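Here are the chains, one letter per residue:
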Amino acid sequence: MRPGSGKANSDSGKFIEFSRTSADPAGPLARIGRGEIGGKAHGLARVRDALFRGLDHDRFPDIHIDIPPLAVICTGVFAEFMAVNHLDQIATAEMSDERIARSFQKADLPFEVLGDLWALIDQTHSPLAIRSSSLLEDTRHEPFAGVYVTKMIPNESFDPQIRFHQLTEAIKHVFASTYFSSARDYRTATGHRDDEEQMAVIIQEVVGKRHHHRFYPDLSGVGRSINHYPMDPAKPEDGVVNLALGLGKLIVDGGRCWAYSPAYPNVQPPYGSVEQMLKETQTEFWAVNMGEVQEYDPIHETEYLLFENLTTAERDGSLRYLASTYSPISGRLSIGTGFDGPRVLTFAPLLTLDQIPINDLISEIMDHCVGEYGGAVEIEFAMTFDPHRFAFLQVRPMNTPGVETKIEDSELRGENVLVACEHSLGNGVDESLVDIVYTKPENFDLKHSRKIMAEMEEINRQLLQAGRHYLLIVLGRLGTTDPWLGIPIGWAKIGMAKAVVESTGDKARVALSQGSHFFHNITSLGVKYFTLSLDSEYEIDWEWLGRQKAAAETEFLRHIRLDAPLTIKVDGRTSRGVIIKPGAVSHD
């Protein structure tokens, strides 16, 4: 979309009524139906002026910068859809996500919007992202990041009827996700009722290029103006950017991607060796399937998606600006793909050789968004090369520490310390938690991560029903979709955890993760988050945990309830954190 006019405090006014006769994909932001446009759409509308008018385009003459064309189905359409189809009882019943999704697919969209949707699909012949934009999404303190679904459709059939059905099915799937169990649990954990939520839906162009039956961007990214895990010499205020080949789903789902500080783009993540880098960097990517769909599956988010490997990307010619090449003879990496060898996605042609000044562009855009929001932000973007196009996809505010809490050196050691670390998120003191749920180290193995996830969901549900918050201590990474990196659980499924400890070790040698929806919820909800990496000088007192009486126990998890609360402190200035045991607890 090209920039429009309007004031930041009147974001809805930046949208015009959708016109069936002039559905210009390069025209102003369009709205379908009545009601609100939701949090994501508000964010895009708010930042347009700052992004386009404030940006020094002369610095980036070879890069086309835009917000992909979009239309928003307003919340009034959702409300009418629910009422006309009598879905309120289904939405509030204790039904599985699959049953809810199927019930919504059988329902009819309001008649008055069908003509608009047909006109839109009749004039659009490229892949579309159907994205949630609910009333509660993307607020500073309760972002609902990743709680609702985004469904991408190929929209390439010669038959407009097929494309129309793909669109309407995707819209109904986003509507249904309003009442999936993860969304309900998240609302309960954040103190919201189901009837407070209303869903708007964004219909937006997918940024990318077609390669045979695959469609995907050359580059996707998430940028955050605050970095909670800075590596020397970077500081928290220098920010962090995560980059990946293909659709940004890989990043926001917590998969393997490249993280760097915009202030020091040449500083690589701390891999122990080139061989380790080969194993732990991105090797697969998401793309929209433009070919034959293997199975009709309208109730799943990935119905029209493919998960491909780097060999496929190289055949597509997509690695020119992204990869380095490993030489087994020298044991070194060389920037580029000019000779044979295993490819490693280091993004060095962009970050080291500066073949395209995207780091400067990302930094400037984040600075403008920070100025617009008056505080820390997270942005999402996608890019294609030759010609170069940078597409701005989303902005949301981040919560940052308030009153300063100081932790002295002496507080990090001693028999009274359960956990201490130098890499924590949050700020302040919490003395309210007596419940602890932790993975039993003697039973933990990443091959059991899905079983651990199921047990964790059940314990969280029990504590949710009892209204009890808890401290969660885990081995491995949380929030990833890769079960060999950690426990593939979404934030809503552990939403009653008010403090989290993530620890690596011999059985979980994984890198820390950030930039995903999971970590955005962690920071924005004020959850105190501790991480102990392999090289940490501190340890968890597993022996003390094992001596406490179990309130519940499963194969892989233990739940204990203390007689007195823990003291949990995080120093947001230094990232230090400490959890102190209750003074009067003894359950030998």
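This write-up is about the structure you can find in this document. Treat the numbers as computed from the prediction; the structure is a model and nothing was measured.

Re the pairing of strand 18 (residues 377-384)
The buried count for strand 18 comes to eight of eight residues, which makes it a mostly enclosed element. Across the two faces of strand 18 the burial is the same, with Val 377, Ile 379, Phe 381 and Met 383 and Glu 378, Glu 380, Ala 382 and Thr 384 all buried. Sheet topology places strand 10 (residues 219-224) next to strand 18; six bridges connect them, and they run antiparallel. Bridged to Gly 221 within strand 18 is Phe 381.

Brief notes about the side chain of Thr 384
Topologically, Thr 384 is positioned in strand 18. The exposure class assigned to Thr 384 is buried, which follows from its relative accessible area of 6%. Leave out the neighbours within four places in its chain, and Thr 384 touches Val 207, Gly 208, Lys 209, Pro 217, Asp 218 and Arg 389.

Here's the deal with the nonpolar core
Counting residues in hydrophobic clusters, the biggest one holds 71 residues, and the most contacted among them are Leu 117, Ile 130, Ile 171, Met 456, Leu 472 and Leu 478. Among the elements that take part in this core, helix 6 (residues 160-177) stands out by supplying seven residues, more than any other. Residues contacting Ile 130, with those up to four places away along its chain left out, are Val 149, Thr 150, Lys 151, Ile 153, Leu 167, Ala 170, Ile 171, Val 174, Val 201, Ile 202 and Ile 203. By size, the runner-up hydrophobic cluster in this structure holds 55 residues, among which are Tyr 216, Leu 245, Leu 350 and Ile 356.

Quick look at the sheet that holds strand 21 (residues 424-425)
Whether parallel or antiparallel, the strands of a sheet pair through hydrogen bonds between backbone atoms. Taken together, seven strands build an open sheet; the order of strands is 21-28-27-24-23-30-29 and the sheet is mixed. The strands lining the two open edges of the sheet, one partner per strand, are strand 21 and strand 29 (550-553). When strand 24 (residues 470-475) meets strand 27 (residues 497-503), the two strands line up parallel, connected through six bridges. The residue bridging Leu 471 from the neighbouring strand is Ala 499, located in strand 27. Its contacts with the sheet put helix 13 (residues 449-466) on strand 23 (435-439), strand 24, strand 27 and strand 30 (557-561), and the angle it makes with strand 30 is roughly 25°.

Observations concerning the sheet that holds strand 17 (residues 343-345)
Taken in spatial order, the three strands line up as 16-15-17 in an open sheet, and their pairing is antiparallel. Because the sheet does not close on itself, it has two edges, and the strands there are strand 16 (332-335) and strand 17. Along the sheet, successive strands turn relative to each other by an average axial angle of 40°, direction set aside. In terms of strand pairing, strand 15 (residues 323-327) meets strand 17 through three bridges, oriented antiparallel. The partner of Ser 324 across the bridge, within strand 17, is Val 344.

Remarks on unusual backbone geometry
Here the bond from Asp 386 into Pro 387 is cis, since omega is 0°, no more than 30 degrees from zero. Positionally, Pro 387 belongs in the loop between strand 18 and strand 19 (388-397). The phi angle at His 212 is positive, at roughly 60°, despite the residue not being glycine. Owing to a relative accessible area of 61%, His 212 belongs among the exposed residues under this scheme. Located in the positive-phi region is Ser 575, a residue other than glycine, with phi close to 70°.

Describing the environment of Arg 46
Within the secondary structure layout, Arg 46 lies in helix 1 (residues 38-52). For Arg 46 and Glu 372, which are 326 residues apart along the polypeptide, the C-alpha to C-alpha distance reads 8.1 Å.

Looking at the packing of aromatic side chains
Counting across every chain of the model gives eleven aromatic pairs. On the numbers, 6.3 Å between centres and 45° between planes, the contact of Phe 104 with Tyr 179 is tilted. Of the two residues, Phe 104 is situated in helix 4 (residues 97-106) and Tyr 179 in the loop between helix 6 and helix 7 (181-189); the sequence distance between them amounts to 75 residues. Each of the two residues, Phe 104 as well as Tyr 179, counts as buried. When the centroid spacing of 5.0 Å and the interplanar angle of 20° are considered together, the rings of Phe 381 and Phe 390 count as stacked. A relative accessible area of 0% places Phe 390 in the buried class. Here the aromatic cluster, defined as three or more aromatic residues joined through ring pairs, consists of Phe 78, Phe 81, Phe 104, Phe 175 and Tyr 179. A cation over an aromatic ring shows up here: Arg 46 above the ring of Tyr 373, its NZ or CZ 4.1 Å from the ring centre. Against the face of Trp 286 rests Lys 249, its NZ or CZ located 5.3 Å from the ring centre.

Thoughts on the pattern of salt bridges
As enumerated under the stated definition, the model contains 28 salt bridges in all. Put simply, Arg 193 and Asp 195 hold a salt bridge, and the shortest N to O gap is 2.9 Å. The exposure class assigned to Asp 195 is exposed, which follows from its relative accessible area of 57%. Across the salt bridge formed by Glu 196 and Arg 193, the nearest N and O atoms sit 3.9 Å from each other. By sharing partners, the salt bridges in this structure join Arg 224, Glu 378, Glu 380 and Arg 396 into a single network.

Section: the packing of helix 5 (residues 111-122) against helix 6
Direction vectors running N to C along helix 5 and helix 6 enclose 125°, while the axes themselves pass 10 Å from each other. Classed by the angle they form, the pair helix 5 and helix 6 counts as oblique. In the crossing of helix 5 with helix 6, the sense of the turn from one axis to the other is right-handed. The segment helix 5 lies against helix 6, with Leu 114, Leu 117, Trp 118, Ile 121 and Asp 122 engaging Pro 160, Gln 161, Arg 163, Phe 164, Leu 167, Thr 168 and Ile 171. Across the contact of helix 5 with helix 6, the residue classes tally to eight nonpolar, two polar and two charged.

A short note on helix 4
Burial in helix 4 covers these residues: Ile 100, Ala 101, Ser 103, Phe 104 and Gln 105. As for helix 4, its buried residues are in contact with helix 2 (75-84), helix 3 (88-92), helix 6 and helix 7.

Points about helix 7
Where burial is concerned, most of helix 7 is hidden: seven out of the nine residues are buried. Within helix 7, the full set of buried residues consists of Ser 181, Ser 182, Ala 183, Arg 184, Asp 185, Tyr 186 and Arg 187. Positive backbone phi, at 80°, marks Gly 191, one or two positions downstream of helix 7.

Things to note about the packing of helix 4 against helix 6
With their axes 9 Å apart at the nearest point, helix 4 and helix 6 run at an angle of 135° to one another. Comparing the axis directions of helix 4 and helix 6 gives the class oblique. Relative to helix 6, helix 4 is oriented so that their crossing is right-handed. Facing helix 4, whose interface residues are Ile 100, Ala 101, Phe 104 and Gln 105, helix 6 presents Glu 169, Lys 172, His 173, Phe 175 and Ala 176.

Analysis parameters
Residues numbered from 1 in each chain as written. Predicted model: local features only at pLDDT ≥ 70, side-chain atom pairs only at ≥ 80, totals over all residues. Heavy atoms only, no water. Buried < 20%, exposed > 50% of the residue type's maximum accessible area, 1.4 Å probe, protein only. Helix = DSSP H or I, 4+ residues; strand = E, 2+ residues; numbered from the N terminus. Pairing = 2+ DSSP bridges. Contact = heavy atoms within 4.5 Å. Core = buried A, V, L, I, M, F, W, Y, C linked by side-chain atoms within 4.5 Å. Axes fitted to C-alpha atoms, helices over the stretch in contact; angles between N-to-C directions. Phe/Tyr/Trp six-rings, centres within 6.5 Å; stacked < 30°, edge-to-face > 60°. Lys NZ or Arg CZ within 6 Å of the ring centre and 35° of its normal. Salt bridge = Lys/Arg side-chain N within 4 Å of Asp/Glu carboxyl O. Parallel < 35°, antiparallel > 145°, perpendicular 65-115°, else oblique. Left-handed = near helix turned anticlockwise from the far one by under 90°. Nonpolar A, V, L, I, M, F, W, Y, C, P; charged D, E, K, R; others polar.

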